[in-house]
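Coordinate inspection notes
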Amino acid sequence: MNFLSKLQSFLRRLLPGLDVLALLTWAILLFKYWVTGQLKLLIHPNYFWLVFVTSIILFLLAGLKTWQVIKNISRKNTNIANFESVQHITLFPPGWSSGLLIVTAITGLVIPPTIFNSQMALQRGISESLPITQTQTQTFRTTVKPEERSLIEWIRTLNAYPEPDAYKGQKAKVTGFVVHSPILPNNYIFLSRFIITCCAVDAYPVGLPLKLEGDRSAYPPDTWLEVEALMMTETLKIDTQTMKENPTEKRQLVLEATSIKTIPTPDSPYGY
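Residues numbered from 1 in each chain as written. Predicted model: local features only at pLDDT ≥ 70, side-chain atom pairs only at ≥ 80, totals over all residues. Heavy atoms only, no water.

1. Quick notes on the overall build of the chain
In plain terms, the rule: A run of DSSP states H or I qualifies as a helix once it reaches four residues; a run of E qualifies as a strand once it reaches two. Both are numbered from the N-terminal end. Classification of residues uses two cut-offs on accessible area relative to the type maximum, computed with a 1.4 Å probe and protein chains only: under 20% is buried, over 50% is exposed, and between them is partly exposed. A contact between two residues is defined here by any heavy atoms of the two lying within 4.5 Å. Accessible surface area values rest on a Shrake-Rupley calculation with a 1.4 Å probe, where residue burial reflects the displayed protein chains alone.
Scanning the chain for helices and strands turns up 6 helices and 5 strands. Each helix and strand of the chain, placed in order from N terminus to C terminus, yields the pattern α-α-α-α-α-α-β-β-β-β-β. For the chain, the proportion of its 272 residues judged to be buried stands at 36%. Relative to all contacts within the chain whose residues are 6 or more apart in sequence, the contacts with residues 24 or more apart total 73%. Total accessible area on the chain is roughly 15,600 Å²; 61% of this is exposed by carbon and sulfur atoms.

2. Brief notes about the pairing of strand S5 (residues 250-263)
The condition is simple: Note on pairing: DSSP must find at least two bridges between two strands before they are called paired.
Both strand S3 (residues 204-211) and S5 contribute to a ladder of 2 bridges, which runs parallel. Across the sheet, Lys-211 pairs through a bridge with Glu-256, a residue of S5. Inspection of the sheet shows strand S4 (residues 224-236) paired to S5 by 13 bridges, in the antiparallel sense. Looking across to S5, one finds that Leu-225 is bridged to Thr-262.

3. Observations concerning the confidence of the model for the chain
Detail in the predicted coordinates should be disregarded across regions flagged by low pLDDT. Applicable threshold: The quantity called pLDDT is the predictor's confidence in a given residue, expressed from 0 to 100.
On average, residues of the chain score 81 in pLDDT, and 76% of them reach the 70 mark or higher. Within the chain, the element-level pLDDT minimum falls on helix H3 (residues 80-85), averaging 44, and the maximum on strand S1 (residues 171-179), averaging 94. Throughout residues 132-142 the model reports pLDDT below 50, and contacts reaching past four residues in sequence, or to other chains, amount to 19 contacts.

4. What about the sheet that holds S1?
Definition in use: Axes, fitted as lines to C-alpha atoms, cover a helix only where it is in contact. Angles between the N-to-C directions of the axes lie from 0 to 180 degrees.
With respect to topology, 5 strands assemble into a closed barrel ordered S1-S2-S3-S5-S4, the strand pairing being mixed. This sheet shows a mean twist of 60° between the axes of neighbouring strands, independent of strand direction. In this fold helix H6 (residues 151-160) packs onto S1, strand S2 (188-195), S3, S4 and S5, with an angle of close to 95° to the strand it touches most, S3.

5. Regarding the nonpolar core
Heads up, the rule is: Put simply, buried Ala, Val, Leu, Ile, Met, Phe, Trp, Tyr and Cys residues joined by side-chain atoms within 4.5 Å make one nonpolar core.
Counting residues in each nonpolar core, the largest one holds 24 residues, and the members touching the most others are Trp-154, Leu-208, Val-227, Met-231 and Leu-255. Contributions of two or more residues to this core are made by H6, S1, S2, S3, S4 and S5. In terms of residue count, the dominant contributor to this core is H6 (5 residues). Contact partners of Val-227, with chain neighbours within four places excluded, come to Ala-172, Lys-173, Val-174, Leu-191, Leu-210, Ala-257, Ser-259 and Ile-260. Grouped together as the second largest cluster of nonpolar side chains are 18 residues, Phe-116, Ile-126, Ala-203 and Leu-236 included.

6. Some remarks on the pairing of S2
As a general feature of sheets, a regular strand has side chains that alternate between the two faces. Among the 8 residues that make up S2, 8 are buried, leaving the element largely enclosed by the rest of the structure. Residues Tyr-188, Phe-190, Ser-192 and Phe-194 point to one face of S2 and Ile-189, Leu-191, Arg-193 and Ile-195 to the other, with burial holding for every one of them. In this structure, S1 lies alongside S2, joined through 3 bridges in antiparallel fashion. Considered in S2, the bridge of Phe-177 is made with Ser-192. Here S2 runs beside S3; their pairing, made up of 8 bridges, is antiparallel. Following the sheet pairing, Ile-189 is matched in S3 by Leu-210.

7. Focus: helix H2 (residues 48-74)
Applicable threshold: Expected span of a helix, by definition, is 1.5 Å for each gap between consecutive residues, and there is one gap fewer than residues.
An ideal rise of 1.5 Å per residue puts 39 Å on 27 residues; H2 measures up with 40 Å between its terminal C-alpha atoms. If you check which residues of H2 are buried, you get Val-51, Ser-55, Leu-58, Ala-62 and Val-69.

8. Examining the pattern of salt bridges
Once their charged atoms are close, side chains differing in charge can pair, the charge on each being opposite to the other. We count it as follows: By definition, a salt bridge exists where a carboxyl oxygen of Asp or Glu is found within 4 Å of a side-chain nitrogen of Lys or Arg.
According to the stated counting rule, one finds 4 salt bridges in the structure shown. Here Glu-163 makes a salt bridge to Arg-251, at a shortest N to O gap of 2.7 Å. Here Glu-163 is found in the loop between H6 and S1, whereas its partner Arg-251 is found in strand S5, with 88 residues between them in sequence. Across the pair Lys-261 and Glu-226 runs a salt bridge, and its minimum N-O distance is 3.3 Å. Of the two residues, Lys-261 is situated in strand S5 and Glu-226 in strand S4; the sequence distance between them amounts to 35 residues. You can call Lys-261 partly exposed: its relative accessible area is 46%. Sharing partners across several salt bridges, the network here consists of Glu-163, Asp-165 and Arg-251.

Shown next as structure tokens:
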């Protein structure tokens with residue numbers, strides 16, 4: 001019984017240390033995301049500063065908590081009751097909340113964030129329109145040549161004036177990753193990119209069909225391509241919102257490839 005009491009006392013004395021470790025690991029995790037540039041895979045750039053400030057605050061709180069723990073330990077009259085009195089009320093047994101936070105932060109430090117792939121794009125549905133949270137294009141910038149528009153800028157342009165025939169014959173030079181749709185002909189792929197409006201949870205895939213000269217097997221899913229193409233219209237039986245076949249055909253803007261080059265995955269693979 002005496003041994004169990006001592007063990008219980010020892011574990012309770014460790015609780016303030018777990019709180020410190022939880023604060024410190026999360027501060028390190030957020031700071032690491034900011035320093036390494038991995039935040040671009042998780043949130044919109046508008047919120048980078050918030051993550052940085054939060055990491056600094058957590059570092060300060062960890063330092064303050066450490067000072068309080070050391071101060072309590074240095075007191076000769078410190079006892080178990082003192083430690084119990086400073087514990088906040090939680091839904092979990094003492095130490096579990098901090099332990100869960102520590103495990104989560106360590107997992108984030110060990111496992112880097114990954115880029116969304118073509119399978120995720122198929123699940124969410126590749127669209128030729130922007131989500132309602134995105135700023136819509138209101139006017140055309142006539143000074144920008146069609147071949148200087150990015151894939152996402154083409155999508156914004158289509159949102160402003162969704163008439164495919166208006167763009168026939170225009171040149172395009174865009175980059176994106178390959179998506180194979182099972183209901184598109186074998187000489188078609190989707191060239192797609194994800195848009196982040198807030199964080200990776202709401203990432204929204206957009207893209208355009210790309211017509212190839214040959215079979216799409218030469219371009220595996222998730223391959224990043226830089227494509228030079230001419231804009232054309234085709235009538236396809238596909239709903240880009242559901243990625244299912246339509247009973248009626250729909251005229252769509254299509255990229256007709258004139259040059260295709262495989263490129264490495266960009267450092268900033270998402271659009272904003």
